[in-house]
Every structure is written in C-alpha cells, then in structure tokens.
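Descriptive analysis of the structure
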Amino acid sequence: MNYLESTLVNELREIMEDDINFLFSAYIEDCTAQLLELATSIEQQDGDKVRRIAHSLKGSSRNVGASVFSDHCEKLERNAREGMTDTWISLLKEIENCFIETKNQIQKEILLT
Amino acid sequence: MKILIADDNRIERLILSRVLEKEGHEVIQAETGTQAIEFFFKHNPSLVFLDVLMPDLDGYEVAQAITKDESQRWVPIIFLTSLTDAHDLAKCIDCGGDDFVSKPINQIIIKAKVNAFSRISNLYETIENQKTEIQYHNDHLIQEQEAAKKIFNNIAHRGCLAADNINYHLSPMSIFNGDLLLAAETPMGSMRLMLADFTGHGLPAAIGAMPTSEIFYGMSNKGYAITDVMAEMNARLHSVLPRGVFCCVIVADIDAIDERITIWNAGSPSAYLIDLDSEEIEEVHSRHLPLGIQSPQRFKIEPQVFRFSKRHKLLAVTDGIVESENEKHEMYGEARMLEKVKLFMHRDNMCDALVDDVVDYTNDAEQGDDLSLLEVTFPHHHLKHINVDEFESHAQTGTLDSSLSLCLRGKSLGKFDPIPMLLQTLLECRELVPHRSRIFTILSELYNNAVEHGVLGLNSAIKNGSEGFTQYYQQRSDGLAALTEGFVKVEFDHRPMPDGGEIVFNFTDSGKGFNFKQMSKKSDKKFSGRGLPLLLNLCQSIEHFDEGRHIRAIYRWNVNDNDI
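Figured I'd write up the structure that's included with this text. (Residues numbered from 1 in each chain as written. Chains lettered and ligands numbered in written order. Predicted model: local features only at pLDDT ≥ 70, side-chain atom pairs only at ≥ 80, totals over all residues. Heavy atoms only, no water.)

Considerations on helix α14 (residues 419–427) of chain B
Residues and elements named next belong to chain B.
- Counted residue by residue, α14 has 7 buried out of 9 residues, so it is predominantly covered.
- Along α14, the residues classified as buried are I419, P420, L422, L423, Q424, L426 and L427.
- Next to the buried residues of α14 lie β16 (402–409), α15 (436–455), β17 (487–497) and β18 (500–509). (Buried < 20%, exposed > 50% of the residue type's maximum accessible area, 1.4 Å probe, protein only. Helix = DSSP H or I, 4+ residues; strand = E, 2+ residues; numbered from the N terminus. Contact = heavy atoms within 4.5 Å.)

What follows is the structure, given as structure tokens:
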C-alpha cells in the first residue's frame, strides 16, 4: 500500500528544496510525541483532548501527503466528537500500526536511511 | 510584505513560511493565539494567516482582538482551516477575517491570495497617503485664506467706515463672496461710499477687489470726481477680469455743504433714497452695465444728483437680500424689501432691522450672515479733517517755488477735470499737505464758478426748486457735452515766503462775467453753494477783473499752521 501521495511529496520537494529531510524528520518527531499523548488521553477517557490531538495529527499528515494515516486519524476525531469511547482503543491500534508503515516509507523514499 | 503566521502545528508553519519566504516575504511565526496577538502589535505585519483551532485562543478570538481597534490601518486576515462546513467558513468572515484557505496548504492558491491582498493593501495605503496629503493641502489652504482675509481687510477696509453716519452690515465671508464696502473722505470734505458686488466666489472675486479699492482710495484722496474714479475702475477691471466676471456697484458722493448726493448705480439692486419727513422713497435704479464689461471707449457714466440733507437717508444693498430663500425656496423679493424699508425707515439702525427680518424669513442665520448692506445719513462736514495717506512720500519743498498754467478749451472742457492734477502738483510741496482741503476747495470753487457760471452761463437759482436740483445738474451735464468753444484758463504761482509761502491763483473764463460786488454781498448759499463768502474766508484776498471773467485769489500759508 502506498502511504505517501507522490504529487504532494513532489510539491513539497519543490517548496522545501534541501530542507525536505528536515521537514519529514520533524514530522516523524511530532507524530511520535503526539501518539504518546494520544494514548494517555484515551486511557484517561479525555474526549476533548483525544479529539484535538487526532485533529492535529490529521492536519499535519495531510500537509505532508500521508493520507492513509490522516484518514485513520480523522476517523478517531469523528468518533471522539460523537463520544463513541469504546472504539477508541481499537482505532488507536490501527493508527499506531499505520504510522509504523508510513514512517518506513518516509525513511526509504525521502530520508534515504 | 511582512506576514504573520499563527498555527500551533510546527509542520504547517514550516511549509507555509517556506512558501511565503520563497515569494520574498518576511515571515513571523506565532505558536499560540496569545502569541499571535502579541506579535501582531509588536511587529505590525501587513497580512495575517490564522489557524482556526489553536490550544489557548482560537482563531476567531484572535481575529476579533486584532481588528477591535478600527482606527489603525486595515490588515487582511486569512484563516487556515480544514473545516468544510459552510457555517464554520462563514464564521471566519463574520469575526473579522477577510478570507480562508483550506488545508492542506496549496502553494498556488496561497500565492494567488497573497498577491490579491497585497494589491488591495497597496491600494488602501495609496488612499491613506492621498488622504493625508489632501488634509495637509486643505490645512494649508485654510491658513492662506486667513492670511488673505487679513490683507484684504487692511487694503479694502481702511477709510472711514467707522463714521457716525454710517451703518452697515458686511458678510464676514465677504472676501469670498465678492462683496466690498468702501468709504472715503475727499479732500473737499465730501463723503464717498461704494458698495460693490463682484460676480463669482472665492479668491477670484476677492482679487478683483484689490485694484478696485486701491483706485477708490487713491483717487478719492486726490479729489477726483466719481466719474473719473469709475472710468478708471472700469478700465482696470475691463483689462484685468476674465470674461464673465464683473462688478456691480452703487457709488455715492455726499456733499454736506451743498446738501446734495451724487449717485451712480451700475448693475446693483435699486438703492433707496428716503425722505424721513415726507416718507417718500426715491428708487435709484441701475442704468448702466456693471464695471468691467464695457471697453473704456464705450464707457459712459451719468450719475444722478439729488438733494440730501438731515432729513434724508440712503440705503444700498447687494442682491443677497432679495435672493434669500426660505425653506420653501421662495425668494424674499423686492416687494417685501420695499415694504420693510417703509416700516423700518425711522429706526436708528435699518441695517440690523433688515438683516433680522431676513433671518426670520429664511429661518437660517447663515444666510443672514451673508448679506451686505449700507445705510447712510447726513454726515458732519469737516473741512478740517485731513486724511493724509501715510504711504505718500514727497520730497520736502517740492513745488514750493513754481508756477503752472493750463488752458482747457471747448472740447476738452467737459472731458478733463484739472483739479486733481493741479492739487497734486501743489502738494508735491510737502509743507502744503495740511492745507490740502482748503486748497482743494479754492481750486474747486473757482473752477466750478468759471465753468458753470462763466462758460455755461447756468443760473444757480434753479437749484432751489425741488425739481430744480436735477434740472440744474442735467443742464450742466448737457452743456458740457455740447461744448465746442470757450475756455477756462487756470494758473497758479507758488512762491516761498520767510515763514511759509504764497499761492496766487488766476482763473479766467470765456463767459459773460458777473457782478462780483453784488454776489459778494449775499451771504447765503444760493449762489454757487459755498460761494464767494467761503472763498473770502479761506483766501487772503480775492480780486476780479474783466467784468468778472478773471478772478485772482491769493492764499497765504504758514509753516506753523499745524492745527488748521
């Protein structure tokens, strides 16, 4: 499965030029931290926080072309808004897995590590 | 441009700022709503990108905070939103945003919007600059107007407007609506008044007033008659004023000793000559085009002469009164004014009464303010009053030791008034300036005698009847116009004496002569108004020769005659 939209990535290459690596490294960094926060919020059943973090993850992922990951986050955001707390944990699992895959692709195609 | 980005997401900030920086803009990044507000006021950006969802204050609140102060310049706000609901999007605009961009960030759209707002911002700035410039010029203009007003008042309103027998009302904005009121005393002690109304408004009208008042005061001071002053004024205005600009005038000369008023109305509303005893009102209509229209060659002035004594009043107005309108746009009108003149004629101050009535009628104090009127009663005559113009400068002694002879024959006799020239020549002798009135009187009396009773052979007894006055002056003016033969010769011989000087006047005319002895016995005014008695009073001696055709008058003056 393709976790990165190539048109968007190419546009970003154009915009960021040599700093494309920095952008994606920062992205991975931010997501990693936010995922930890997300896990805690779900544990605490803090619906508001869950919603906010999911929304933020969704946003930045869309910006870098990680659309599959972004879609998952959107689902969680919606569920959090509608208060369907019981689905959160399973959605989190999906999100975490998706992130691993996305990260791999980023590392292979962009960061070249 | 300097652009502020407010977004809590580092990745978004990074991408957006890079897009903008590549376009050459300077970017300031804020991570929270509070920081966004702080940076806005600190750095004064020209454009703001605002993320809607931020942890502390959301985008809407930030937008409201920074647009609260309307007095500061306009800064466009573009919301960054992933919201798609129409209500949410509309809310962006409602709370002070100017546009929104949806995420993910599309650099083409961002660039296009930034350019569009940049254009609008420039336009706005241009307008602000122009507004400042206009304000500056406006202030400057007002300052200049104030200065112009002061100069105008100094030039146009010197003279004797403060005299007891004059009431007037002059619009404070007269400099800008072209109204002019002038009053001067001639060397002979006559009071000369002029109420003028220049067409047009503003500075062009005011500028026309400058040469007009110079001519008025300059020539009146030197003793020129109304006819000469008006001819000169017309010539000057004709050459100076642009087409379509002219000057409506009423000018009047009041001779207190002869008890007569000479009036000329050119284009103004009728002046009212009021007899307070009989309550009759003589309307003096305009019989001539306003000044500045006709070329000097075609200009002809025929003033009217009326009796004017303590029982008379003159009222002159500009067209402001008649044309004043009430709320229904009905004009005040001539009929109403005549009615009010009849009603107010015995008041001490008719001007005020009329102005108040107009204000009542129009229910508009401002219109009332804009009126110009003149009310004159009989003046106190003082030969003694000298209106010495400080700006005249003559060398000392000048013509102290000199003689002059001028002979005016037939065709020139009616056309040229030699008195001002003779007077000026004599007055080149500075020491004679305090004697100006007396010398003028002597010259004037002798000359008029020679012309009217000598050459023209007029009978001044005619002047007594009520019709007689007008008749006499009509005869005089007809007579002068028809003259082809005859002459008046005027000579003066000025010689210095140890304590001053002596002027010998010799006046000769081609008339039939008169009985000097008989005339000098009569002490009344019936002869030539002032008559020989006055001359005898002023001169050291008066002799007659050649059956009265030649008169010699001698005037002695003393350097110490300060208090004449």
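A look at the environment of L4 of chain B
Residue and element names in this part refer to chain B.
- With respect to the secondary-structure elements, L4 resides in strand β1 (residues 2–6).
- On the basis of relative accessible area, L4 is assigned to the buried category, the value being 1%.
- Measuring from C-alpha to C-alpha, the distance between L4 and L47 comes to 6.4 Å, with 43 residues separating the pair along the chain.
- For L4, the contacting residues outside a window of four places in its chain are I28, A30, A36, F39, F40, P45, L47, V48 and F49.

Looking at the packing of aromatic side chains
Residue and element names in this part refer to chain B.
- Scanning the entire structure with this criterion turns up 9 aromatic pairs over all chains.
- Both rings, one in F308 and one in F378, keep their centres 6.3 Å apart while their planes meet at 35 degrees; by these two values the pair is tilted. In this pair, F308 is assigned in the loop between β13 (304–307) and β14 (312–317) and F378 in the loop between β15 (373–377) and β16, connecting sequence segments 70 residues apart. Here F308 matches F378 in class, with each residue buried.
- Where Y332 meets Y361, the ring centres are 5.3 Å apart and the plane angle is 90 degrees; that geometry is what we call edge-to-face. Of this pair, Y332 sits in the loop between α9 (320–323) and α10 (334–344) while Y361 sits in helix α11 (residues 350–362), and the two are 29 residues apart along the sequence. The pair Y332 / Y361 is uniform in exposure class, with both members buried.
- Stacked on the ring of Y332, the Lys or Arg R336 has its end atom at 5.6 Å from the ring centre. (Phe/Tyr/Trp six-rings, centres within 6.5 Å; stacked < 30°, edge-to-face > 60°. Lys NZ or Arg CZ within 6 Å of the ring centre and 35° of its normal.)

Some points on the interface of chain B and chain A
- Tallying the contact residues gives 14 residues for chain B and 21 residues for chain A.
- Taking both sides of the interface into account, the surface hidden between chain B and chain A amounts to around 1,800 Å²; carbon and sulfur atoms contribute 56%.
- The closest approach of N and O atoms between E29 of chain A and R10 of chain B, which form a salt bridge, is 3.4 Å.
- Run the count over chain B and chain A and you get 9 residue pairs in polar contact (both at pLDDT 80 or more).
- The element best represented in the side of chain B that touches chain A is helix α1 (residues 10–22) of chain B, accounting for 8 residues. (Buried area = accessible area lost by both parts, 1.4 Å probe. Salt bridge = Lys/Arg side-chain N within 4 Å of Asp/Glu carboxyl O. Polar contact = N/O pair within 3.5 Å; in protein donor to acceptor, adjacent residues only side chain to side chain.)

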